[in-house]
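# Inside the fold
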Amino acid sequence: MSKSRSELSIILRGVAKDPLGLIGLIIVGAIVISAIFAAWIVPYDPIGMNIPDRMQGPSWSHWLGTDNLGRDTLSRVIMGGQVALKVALPAVFGAMAIGLTLGMIAGYGPRWLDNLLMLFFDTLRSFPTVMFALAVVALVGPSLQTVVLVVMATSIPTYGRVARTQTLTLRNSEFILAERAMGASMVRILGVHMLPNIIGVLGVLAAMDVPTVIALEAGLSFLGLGVKPPTPSWGALLKDGYALIRQTPWLVVGGGLPIILATLGFTFLGESLRDVVDPKLRKNR
Amino acid sequence: MSDTLLEIDNLSVDYETERGDLKALRDISFDVQKGEIVGIVGESGCGKSTLISSILRLTAPNTRFRQGEVRFKGDDILTKTERQMRDLRGSDISIVFQDPMQTHNPVLTIGRQLVDIQHRSKATKAQKLDIAAKMLAAVGIPDPQARLKQHPHEFSGGMRQRIAIAMALMSEPDLLIADEPTTALDATLEVQIIERLKDLQSEMNCAILFISHHLGVIAELCDRVVVMYAGAVVESGDVREIFHDPKHPYTRRLIECDPGHIKTRARILPTIPGEVPDLANLPDGCIFRDRCEQATDRCHQVPALEKLKEGHFAACWLNHHEEAAT
Amino acid sequence: MSAILDVNDLQTSYGSVNVLAGVSFSVQPGETYAMVGESGSGKTTVIRAIAGLAPAQAGSVKFDGQEIRGLSERAMRPLRKDIAMMFQDPIGSLSPRVTVRNLITEPYRIQGMKEKDIDAEAKRLLALVNLPSHFADRYPYQLSGGQARRVGVARALALEPKLILADEPTAGLDVSVQGELLNLLNDLRDRLGLSMVIITHNLNVVRHIADRMGILYLGRLVEEGSTEAIFDEPRHPYTHCLLSANPEPDPDAQLERIALKGEPPSLLMRPSGCEFRERCPVASDICLQTPKWEVNNDHGLRCLTPR
């Protein structure tokens, strides 16, 4: 336990030392905290209508104005962040876990299993994400779960391929041969000896993937295929704002700015993580 | 004009790290005369790599030159501009690295690489190819004309190291730095390469700075030897003096440890107990003190590299004692 | 006394590349056998094939009288207690994110020995290889080559094996540390009665640790005998070349060096007749015939023009 904690603190300290990493850490931290405590932070009810206050510009009482139903934009942005993370985190972690497991099995297992899994990955990847999403939405209707499912399915191959490549390079290294010479089982070799050496790379990939997923959720919601109204979502905000861009341009800002910030934040964090986790670079520290 | 080609004078180099300054080289002094083969011997952590990168000024960003000079043909290398250094590298000073498998660009033919390296010459491409083929023949590669069209992966490790030597000698450098060039090779190939290097050296009369941990190779090839330990020169001198009459306990122990010396089966081989000290946290006094059987109270002070006789230097208090006694 | 390891006509091919063309040797209990060869001679494949880590299409490997070639991982597992391996790269053969304590006690976990007191065992094993007990908390990257090699030895000894297969045990070690390792292995061998197979290209090391040795060329033994016999009266010209290609740490050494021509031929195009013919300094027309393996007074030889 103390081992993993010290490792985490080494990584975090490494990230914080890099200016861009620090910015990424702050932005991501702010988004995560505001999402967790969204229900307590929001100044107004993000869903309830308040027609008399509709379409107001930014003011002291409504920092980012209100929409055509009189809902406070800032409150909707904060709640939207929660929705974005609710989609992004399970989708990314789910895809990573499944991709990692399948990828390691493909890389370490027999050739026929490798071929089979690679065929599965390629098949999954050959669906265009949006088309796939449209098909699934047409079948089961738009919802948060649908978005999570679609995103997860389409990003499994990426993690799977990376995990497979890493496993292939590690499988002939001497320490894995040494484990085999001691009679270690496949589960033990993969779980205890390979996993810790692969997870870092995938973690970096995951951090970089979060903004893609957030943008995808926003895109689907923009098309009306994502979360159902009145649930606030950054994509839905953008869509409402787009319709009223002449009357209330701040709605577009409210929906667009967090997407840009989240993208930058997670990307900075991911890139900085990559530098810290990369063992070749770490040796020189 | 003097015959000194390379002169290293009181060179101290640190690496800035999180744990504080790592004192990688301390007060290094030695020289290389024109046309001479000087061997640098030392075990891991002795500072060989830092020394080479300092001479070539190809140091890591956290390197700090604390003091001293590296003079090549009388000019201080450490004050040269990057542009001047580029002119020097690959023309006056060449290097052969340890790993022949990573020295060559895998996607270009050997001929192309040997032509590219002559970019300073005004000769035509055909002439350059001709020179390249002659050079390959000189390092003992059969059928060089045909071989020029091949890629690095079509050559064995021993062949690639010969090609690396051919490349390094192409510009007829005054100084060739050879960084453990035979360590990755089998003994039979090692011998072939060393003999070839000897022949080429006497033909072209370039000086060689030969870095190795293999005492047998050093003894066979070099005129003079510099022994390094933990970032300091502990002894330097003529190859016979170093091997037959070592004046520093580390040199003596190192030679004793080489099993090539011991011709009958030994149940217990000599060793040097202990570890190389932490360069970020140097002990006071002589750097070898903790592992030295002959250490005394005097060794709490750092012994200077003293001249014992013409061309033989050692950094050990024991030699001062002998002086006092005689 | 019956052999602890008896290898007979072991053959390994990767596709059409015939890496081992029939290797036979045996190791008696308590004996150290050295297999010497240059890169590409197939020496690493020999021990990996014995341990079931490389394929072996034909031949037999008997450990303690039991045939082990071609056993499944599962059938091999109980035998892994008795056969320990050491790999070339001292640091690279240790799992990078595992502490020394868990590395050297890994064999207990793999063999399901839950009753062992891990901390006490780690201490005992570290003491066995002369490492201080606080090393238990270190990671491989915090070790020097010599220390990592000791950890590798400790791990190999954890289950008190009968046989150790070591691939270049002194590779990557400084001379001042190399002696320590050889002394340690010699001492352990005497105290624990281990048998060892050591693969190396370093003849200086062989002399001080091996009882018997074999010279491997292109996946075939060309000479075999007691270490003294090979060093004092080598009979195969290749052995001669190897012995003379060993630079002496003495600038005045008079070397009667026998020049070896060229480099080992490709395994894809094995020469006809004697496979060493093209590089041999004393080859003659008779060498166009294929030499047979002949044993005289415990000294095996595959040469038609021996010295």
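Only a predicted model underlies this, so the values are computations on that prediction, with no experimental measurement involved. Once a new chain begins, its residue numbering starts again from 1 and follows that chain's sequence as written. Chain letters start at A and ligand numbers start at 1, both assigned in the order the entries are written. Where totals are concerned, whole chains, interfaces and linings use all residues; where local detail is concerned, this predicted model gives features only for residues with pLDDT of at least 70, and gives and counts side-chain atom pairs only at 80 or more.

### Here we look at the interface of chain C and chain B
Contacts between chain C and chain B engage 30 residues on the former and 35 residues on the latter. In this text, helices come from DSSP runs of H or I with a minimum length of four residues, and strands from runs of E with a minimum of two, each type numbered from the N-terminal end. Looking at the side of chain C that touches chain B, the elements with two or more residues in it are α6 (175–192), α7 (203–209) and α9 (237–244) of chain C. Counting residues per element, the side of chain C that touches chain B draws most heavily on α6(C), which supplies seven residues. Residue composition of the side of chain C that touches chain B, grouped by class: ten nonpolar, eleven polar and nine charged. Contact between two residues is assigned whenever their backbone-derived C-beta positions fall within 7 Å. Classes in brief: Ala, Val, Leu, Ile, Met, Phe, Trp, Tyr, Cys and Pro nonpolar; Asp, Glu, Lys and Arg charged; the others, Gly included, polar.

### Comments concerning the sheet that holds strand β5 (residues 66–67) of chain C
Residue and element names in this part refer to chain C. Two strands pair if DSSP finds at least two bridges between them. With respect to topology, four strands assemble into an open sheet ordered β2-β1-β4-β5, the strand pairing being antiparallel. Each edge of the open sheet carries a strand with a single partner, namely β2 (17–27) and β5. Across eight bridges, strand β1 (residues 5–14) lies against β2 in antiparallel orientation. Its bridge partner lying in β2, Val7 is registered against Phe25. Note on definitions: angles span 0 to 180 degrees between N-to-C directions of axes, and those axes are lines fitted to C-alpha atoms, for helices only across the stretch in contact. Helix α1 (residues 43–50) contacts β1, β2 and β4 (58–63) of the sheet and is inclined by roughly 65 degrees relative to β2.

### Concerning the interface of chain C and chain A
Each partner contributes to the interface: chain C provides 18 residues, whereas chain A provides 15 residues. Considering every element that reaches the side of chain C that touches chain A, the biggest residue donor is helix α3 (residues 100–110) of chain C, with three residues. Among the residues making up the side of chain C that touches chain A, the classes are represented as nine nonpolar, four polar and five charged.

### Let's talk about the confidence of the model for chain B
As a per-residue measure, pLDDT tells how confident the predictor is, with possible values from 0 to 100. The predicted model of chain B has a mean per-residue pLDDT of 88, with 98% of residues at 70 or higher. Across the predicted assembly, pTM comes out at 0.83 and ipTM at 0.86.

### Observations concerning the UniProt feature "transmembrane region" (unreviewed entry) in chain A
UniProt positions are given in the numbering used here, feature names are shortened, and annotations may be inferred rather than shown by experiment. Mapped onto the present numbering, the UniProt feature "transmembrane region" (unreviewed entry) falls at residues 20–42, 87–109, 130–153 and 248–269 of chain A. As a span, residues 87–109 of chain A carries 96% helix and 0% strand, and end to end its C-alpha atoms are 32 Å apart.

### Quick look at the sheet that holds strand β5 (residues 75–76) of chain B
Residues and elements named next belong to chain B. Pairing in this open sheet of four strands is antiparallel, and the strands run β2-β1-β4-β5 from one edge to the other. Edge positions in the sheet fall to β2 (20–33) and β5, since each of these pairs with one other strand and no more. Here strand β1 (residues 4–17) runs beside strand β4 (residues 63–72); their pairing, made up of eight bridges, is antiparallel. Looking at the pairing, Asp9 lines up with Glu69 of β4. The sheet contacts of helix α1 (residues 48–56) involve β1, β2 and β4, and relative to β2 the element is tilted by about 70 degrees.

### A closer look at the UniProt feature "domain: ABC transmembrane type-1" (unreviewed entry) in chain A
On the UniProt side, "domain: ABC transmembrane type-1" (unreviewed entry) is annotated at positions that read residues 81–270 of chain A here. Counting secondary structure, residues 81–270 of chain A comes out at 85% helix and 0% strand; the distance between its end C-alpha atoms is 19 Å.

### Here we look at the nonpolar core
We call a set of buried Ala, Val, Leu, Ile, Met, Phe, Trp, Tyr and Cys residues a nonpolar core when their C-beta atoms link them within 7 Å. Exposure in this text rests on C-beta crowding, where 20 or more other C-beta atoms within 10 Å of a residue's own make it buried, 12 or fewer make it exposed, and counts in between make it partly exposed. The C-beta atoms are placed from the backbone. Counting 251 residues, the largest nonpolar core has B:Leu175, B:Met228, B:Tyr229, B:Val234 and C:Leu165 as its most contacted members. Element by element, the count of residues in this core is highest for helix α9 (residues 186–222) of chain A, at 16 residues. With residues up to four places along the chain from it excluded, the contact list for B:Tyr229 reads B:Gly42, B:Cys46, B:Val234, B:Tyr250, B:Ile287 and B:Phe288.

### A few points about the domain arrangement of chain B
Residues and elements named next belong to chain B. Annotation comment: domain bounds sourced from an automatic or database domain assignment. Along its sequence, chain B is organised into domain 1 (4–92 + 171–325) and domain 2 (100–170). Placing a centre on the C-alpha atoms of domain 1 and another on those of domain 2 gives a separation of 30 Å. Top contributing element to the side of domain 1 that touches domain 2 by residue count: helix α7 (residues 187–204), with six residues. Looking at the side of domain 1 that touches domain 2 residue by residue, the class counts come to ten nonpolar, two polar and two charged.

### Some points on the pairing of strand β11 (residues 306–309) of chain B
Residue and element names in this part refer to chain B. Alignment of β11 against strand β12 (residues 312–314), held across three bridges, turns out to be antiparallel. Of the residues in β12, the one forming a bridge with Lys307 is Phe313. Hairpin connection, β11 to β12: the antiparallel pair is bridged by two residues, and Gly311 has positive phi, about 80 degrees.

### Here we look at the confidence of the model for chain A
Residue and element names in this part refer to chain A. With 90% of its residues at a pLDDT of 70 or more, chain A shows a mean pLDDT of 81. Mean pLDDT values for the elements of chain A range from 47 in helix α12 (residues 279–283) up to 92 in helix α8 (residues 174–182). Low pLDDT, under 50, characterises residues 280–285; the stretch is placed with three contacts to residues that sit more than four places away or in other chains.

### Side note on helix α6 (residues 157–169) of chain B
Residue and element names in this part refer to chain B. Over its 13 residues, α6 extends 18 Å from the first C-alpha to the last, a length consistent with the 18 Å expected when each residue adds 1.5 Å. Along α6, twelve of the 13 residues are buried, which leaves the element largely enclosed by surrounding structure. By the burial criterion, the buried members of α6 are Gly158, Met159, Arg160, Gln161, Arg162, Ile163, Ala164, Ile165, Ala166, Met167, Ala168 and Leu169. Buried residues along α6 sit against β6 (93–96), α3 (110–116), α4 (125–138), β7 (175–179) and α7. The span one expects for a helix is its residue count, reduced by one, times 1.5 Å.

### Examining the environment of C:Leu192
Structurally, the position occupied by C:Leu192 is in helix α6. With 35 residues separating them in the primary sequence, C:Leu192 and C:Leu157 have C-alpha atoms 9.6 Å apart.

### Digging into the packing of helix α5 (residues 145–157) of chain C against α6(C)
All names here are of chain C. Orientation of α5 relative to α6, taken along the N-to-C sense of each, is 15 degrees, at an axis distance of 10 Å. Between α5 and α6, the angle is such that the two are roughly parallel. The element α5 and its partner α6 pack so that their crossing is right-handed. Taking contact as the criterion, the partners of Gly146, Arg149, Val153 and Leu157 in α5 are, on α6, Val177, Glu180, Leu181, Leu184 and Leu188. In the contact of α5 with α6, the residues fall into six nonpolar, one polar and two charged. Here roughly perpendicular refers to angles of 65 to 115 degrees, roughly parallel to angles under 35, roughly antiparallel to angles over 145, and oblique to all remaining angles. Throughout, a crossing is termed right-handed when the near helix is turned clockwise from the far one, and left-handed when it is turned anticlockwise from it by less than a right angle.

### A short note on the UniProt feature "domain: ABC transporter" (unreviewed entry) in chain B
Taking the numbering used here, the UniProt-annotated feature "domain: ABC transporter" (unreviewed entry) corresponds to residues 6–255 of chain B. In residues 6–255 of chain B, the share of helix is 37% and the share of strand is 28%. The end C-alpha atoms are 27 Å apart.

### Let's talk about the environment of B:Asp87
All names here are of chain B. Structurally, the position occupied by Asp87 is in helix α2 (residues 82–88). For Asp87, a count of 12 C-beta atoms within 10 Å gives the class exposed. Residues Asp87 and Arg120, spaced 33 residues apart in sequence, show a C-alpha to C-alpha distance of 9.6 Å.

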